[in-house]
Amino acid sequence: MAEFTMELNDEQKEVRDWLHGFAADVIRPAAAEWDEREETPWPVIQEAAKVGIYSLDFYAQQYFDPTGLGISMAMEELFWGDAGIALSIVGTGLAAVGVLANGTEEQIGTWIPQMYGDASDVKVAAFCSSEPDAGSDVAAMRTRAVYDEAKDEWVINGTKTWATNGGIANVHVVVAVVDPELGSKGHASFIVPPNTPGLAQGQKFKKHGIRASHTAEVILDNVRVPGSCLLGGKDKLDERLARAREKAKKGGERVKNAAMATFEASRPAVGAMAVGTARAAYEVALEYATTREQFGRPIIDNQGVAFQLADMRTSIDAARLLVWRASWMAVNGKPFTAAEGSMSKLFASETAKKVTAQAIQILGGNGYTREYPVERMHRDAAIYTIFEGTSEIQRLVIARTISGTSVR
Ligand SMILES: Cc1cc2nc3c(=O)[nH]c(=O)nc-3n(C[C@H](O)[C@H](O)[C@H](O)COP(=O)(O)OP(=O)(O)OC[C@H]3O[C@@H](n4cnc5c(N)ncnc54)[C@H](O)[C@@H]3O)c2cc1C
């Protein structure tokens with residue numbers, strides 16, 4: 001087990017500086033353009049692929065960094081550049097992690113390379129769980145996967161929504177109900193290979209922020225995938241379902257388990273994205289406050305402005321500490337006895353929303369225009385309190401975990 005440390009080692013510092021260079025030189029200058037175009041920034045993803053940032057190797061290396069800080073540090077730097085473009089770069093990784101976590105070695109080897117493509121022909125992947133009537137309430141999912149034993153195929157029907165890269169992905173990972181009696185325990189994940197008939201993009205959403213990231217509905221109409229596309233395989237699924245049925249008979253899950261380890265482990269990464277956006281807006285505001293003069297002096301000479309910056313910096317550092325703690329716990333298998341992963345996501349995402357709004361205030365009229373990046377950062381920051389579990393859901397998980405009761 002790695003000791004918890006707040007000091008990046010030399011190798012991590014090198015990676016951080018390299019990522020920061022890419023974020024500053026390639027991502028940030030492209031941010032306003034792709035925000036306006038509301039399209040996937042393929043040339044930037046290609047650049048990231050060329051230098052090795054858009055690849056499974058890079059993602060996995062950071063993800064499995066024994067200190068736990070690798071992925072958080074990487075997310076912070078990329079999202080410091082721009083949230084919409086960074087999400088287009090890391091969105092595939094979120095789908096790939098679903099395969100890494102649940103897939104067999106063969107599935108990992110077959111599908112993950114097809115999620116990324118290569119630098120001359122980059123591809124993206126999508127993770128499709130949310131549905132129109134199943135957002136926070138994952139157990140209400142209706143997309144159904146039925147096994148056709150004669151053909152050893154799964155037949156998937158349903159409508160997914162809000163899928164990052166949905167419809168434009170080469171590989172879709174789709175969560176579907178295999179046993180409706182078991183609620184969220186009766187779900188399984190499937191690979192839908194490239195060009196599978198029956199999968200189509202529905203509406204593409206026009207969004208408030210992270211507009212360079214493609215978000216769309218995915219319609220699954222009698223989509224047939226081979227048995228080998230069930231992540232983890234049929235034997236493992238059957239065992240898992242049998243265990244869940246047994247537990248259900250005994251009275252279901254105990255509330256004590258409210259902090260689900262997988263979400264606790266993935267939420268700090270979203271917290272780190274929020275820290276990146278917050279830090280970016282804070283830096284712009286600090287620079288502006290030291291140069292903009294009113295009443296014959298820089299506006300930072302007023303406590304009203306300087307104290308805001310002091311609060312912004314304090315919250316950002318506190319958010320990072322929560323994110324790093326939870327990332328370290330996840331990698332080192334520490335039990336999340338107080339839902340520390342949810343805590344980090346909750347605090348960092350609320351911080352990003354607040355800090356970006358303060359940045360607009362400090363820039364005054366300029367902050368409100370698209371001539372300066374903070375209004376975009378503020379629009380982008382609003383996503384962090386919504387996806388990967390809303391702030392209310394994080395509070396619910398924390399409250400249930402610390403109290404051991406079924407708070408509603
Ligand atoms: C840009 C974007 C990208 C996304 N990417 C993906 C993706 O790649 N894959 C994917 O599967 N999903 C994705 N999502 C979906 C996202 O995870 C959901 O939007 C989120 O889980 C919330 O679900 P909902 O939008 O249906 O809101 P609802 O669940 O309808 O919530 C509405 C409001 O009610 C509150 N609420 C709900 N239940 C409770 C409760 N019990 N107690 C208190 N308050 C409650 C919520 O906090 C929220 O404020 C994405 C969403 C967006 C906007």
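The residue count restarts for each chain, going from 1 along the sequence in the order it is written. Per-residue local features of the predicted model are confined to residues with pLDDT of at least 70, and side-chain atom pairs are confined, for both listing and counting, to 80 or more; whole-chain, interface and lining totals are unaffected and use all residues.

**Focus: the overall build of the chain**
Across its full length, the chain holds 12 helices and 11 strands. In terms of overall dimensions, the chain has a C-alpha envelope of 80 × 50 × 40 Å along the principal axes. A buried classification covers 47% of the 408 residues belonging to the chain. At a minimum sequence separation of 6, the contacts of the chain that also span at least 24 residues come to 74%. Comment: elements are numbered from the N terminus, with helices defined as DSSP H or I runs of at least four residues and strands as E runs of at least two. Whether a residue is buried, exposed or partly exposed is read from the other C-beta atoms within 10 Å of its own C-beta, which are placed from the backbone; 20 or more gives buried, 12 or fewer gives exposed, and intermediate counts give partly exposed. What counts as a contact is two residues whose backbone-derived C-beta atoms lie within 7 Å of each other.

**Here we look at the site of the ligand**
Of all residues adjacent to the ligand, which total 19 residues, the nearest are Ser129, Gly135, Ser136, Thr390 and Glu392. Counting only elements with at least two residues in the shell around the ligand, the list comes to strand E3 (125-128), strand E5 (153-164) and helix H12 (391-403). Each residue receives one of three labels: charged for Asp, Glu, Lys and Arg, nonpolar for Ala, Val, Leu, Ile, Met, Phe, Trp, Tyr, Cys and Pro, and polar for the others, Gly being one of them. Here the shell around the ligand is built from residues that sort into 10 nonpolar, seven polar and two charged. Think of it this way: take the backbone, place a C-beta atom on it, and check whether that atom is within 6 Å of the molecule or strand, in which case the residue is near it.

**Digging into the nonpolar core**
Judged by nonpolar contacts, the single largest core of 120 residues is most densely connected at Leu78, Phe190, Ala274, Ala281, Ala285 and Ala359. Tallying contributions element by element places helix H8 (residues 261-291) first for this core, with 15 residues. Among residues more than four places away in sequence, those in contact with Ala359 are Ala281, Tyr282, Val284, Ala285, Gly367, Val374 and Met377. Connectivity within a nonpolar core runs through C-beta atoms within 7 Å, and the core itself is a set of buried Ala, Val, Leu, Ile, Met, Phe, Trp, Tyr and Cys residues.

**Remarks on helix H3 (residues 56-63)**
Listing the buried residues of H3 in full gives Tyr59, Gln62 and Tyr63. For H3, the buried positions fall inside an angular range of 100° around the axis, keeping them on one side. Lining the buried residues of H3 we find helix H4 (69-81) and helix H5 (83-102). Picture the helix axis, draw a direction to every C-beta atom, and the arc is the one those directions span.

**Notes on the packing of helix H10 (residues 340-367) against helix H11 (residues 374-381)**
Viewed as axis vectors pointing N to C, H10 and H11 meet at an angle of 155°, and their least axial separation amounts to 8 Å. Taken together, the axis directions place H10 and H11 in an arrangement best described as roughly antiparallel. By crossing handedness, the relation of H10 to H11 is classed as left-handed. For the pair H10 and H11, the contacting residues are Ala352, Lys353, Thr356, Ala357, Ala359, Ile360, Leu363 and Gly367 in the first and Val374, Glu375, Met377, His378 and Ala381 in the second. The axes used here are C-alpha line fits, helices contributing only the stretch in contact, and every angle between their N-to-C directions lies in the interval 0 to 180 degrees. Between 65 and 115 degrees an angle is taken as roughly perpendicular, under 35 as roughly parallel, over 145 as roughly antiparallel, and anywhere else as oblique. Helix crossings get a hand from a simple test, with the near helix turned counterclockwise from the far one by less than a right angle marking a left-handed crossing and a clockwise turn marking a right-handed one.

**Looking at the domain arrangement of the chain**
Domain limits in this description derive from either an automatic procedure or a database domain assignment. For the chain, the domain assignment lists domain 1 (10-122), domain 2 (125-255) and domain 3 (257-403). A straight line from the C-alpha centre of domain 1 to that of domain 2 covers 24 Å. Contact residues are listed per partner, giving 25 residues for domain 1 and 21 residues for domain 2. Those elements that provide at least two residues to the side of domain 1 that touches domain 2 are helix H1 (10-37), H5 and helix H6 (105-116).

**Points about the pairing of E5**
Bridge count for strand E4 (residues 144-148) against E5 is five bridges, and the pairing is antiparallel. In the sheet register, Val146 faces E5, and the bridge partner there is Val155. A pair of strands is labelled paired if DSSP reports no fewer than 2 bridges between them.

**Points about helix H2 (residues 42-51)**
Listed as buried for H2 are Val44, Ile45, Glu47, Ala48 and Ala49. Those residues of H2 that are buried lie in contact with H1, H5, strand E1 (117-118) and strand E2 (121-122). Downstream of H2 by one or two residues, Gly52 has phi in the positive range, about 100°.

**Focus on the environment of Phe22**
Among the secondary structure elements, Phe22 is positioned in helix H1. Separated by 88 residues in sequence, Phe22 and Thr110 place their C-alpha atoms 29 Å apart. Here Phe22 is in contact with Ile27, Val51 and Ile53, once residues within four sequence places are set aside.

**A closer look at the pairing of strand E6 (residues 171-177)**
By the criterion of burial, E6 is predominantly enclosed, with seven of the seven residues buried. Here E6 shows two buried faces, one formed by Val171, Val173, Val175 and Val177 and the other by His172, Val174 and Ala176. As judged from the six bridges shared by E6 and strand E7 (residues 187-192), these two strands associate in the antiparallel manner. Bridge pairing in E7 places His172 opposite Val192.

**Here's the deal with the environment of Gly91**
In this structure, Gly91 sits in helix H5. Through-space distance from the C-alpha of Gly91 to that of Leu286 is 30 Å; in sequence the pair is 195 residues apart. Residues within four places of Gly91 in sequence aside, it is in contact with Val124, Thr164, Asn165 and Ser213.

**Remarks on unusual backbone geometry**
Trans peptide bonds make up most of the peptide bonds, and negative phi angles are found at most residues other than glycine. Phi is positive for Glu38, which is not a glycine, with a value near 55°. Assessed through the 16 C-beta atoms surrounding it within 10 Å, Glu38 is described here as partly exposed.

**Things to note about the packing of H5 against H6**
The contact between H5 and H6 brings their axes to 10 Å, and the two run at 175°. Comparing the axis directions of H5 and H6 gives the class roughly antiparallel. Between H5, through Thr92, Ala95, Ala96, Val99 and Leu100, and H6, the contact on the second element is made entirely by Gln107, Ile108, Trp111, Ile112, Met115 and Tyr116. Looking at the contact of H5 with H6 residue by residue, the classes come out as nine nonpolar, two polar and no charged.

**With respect to the environment of Val374**
For Val374, the location among the structural elements is in helix H11. Separated by 308 residues in the primary sequence, Val374 and Pro66 have C-alpha atoms spaced 34 Å apart. Excluding its chain neighbours within four sequence positions, the residues that come into contact with Val374 are Ala281, Val284, Ala285, Thr356, Ala359, Ile360, Leu363 and Gly367.

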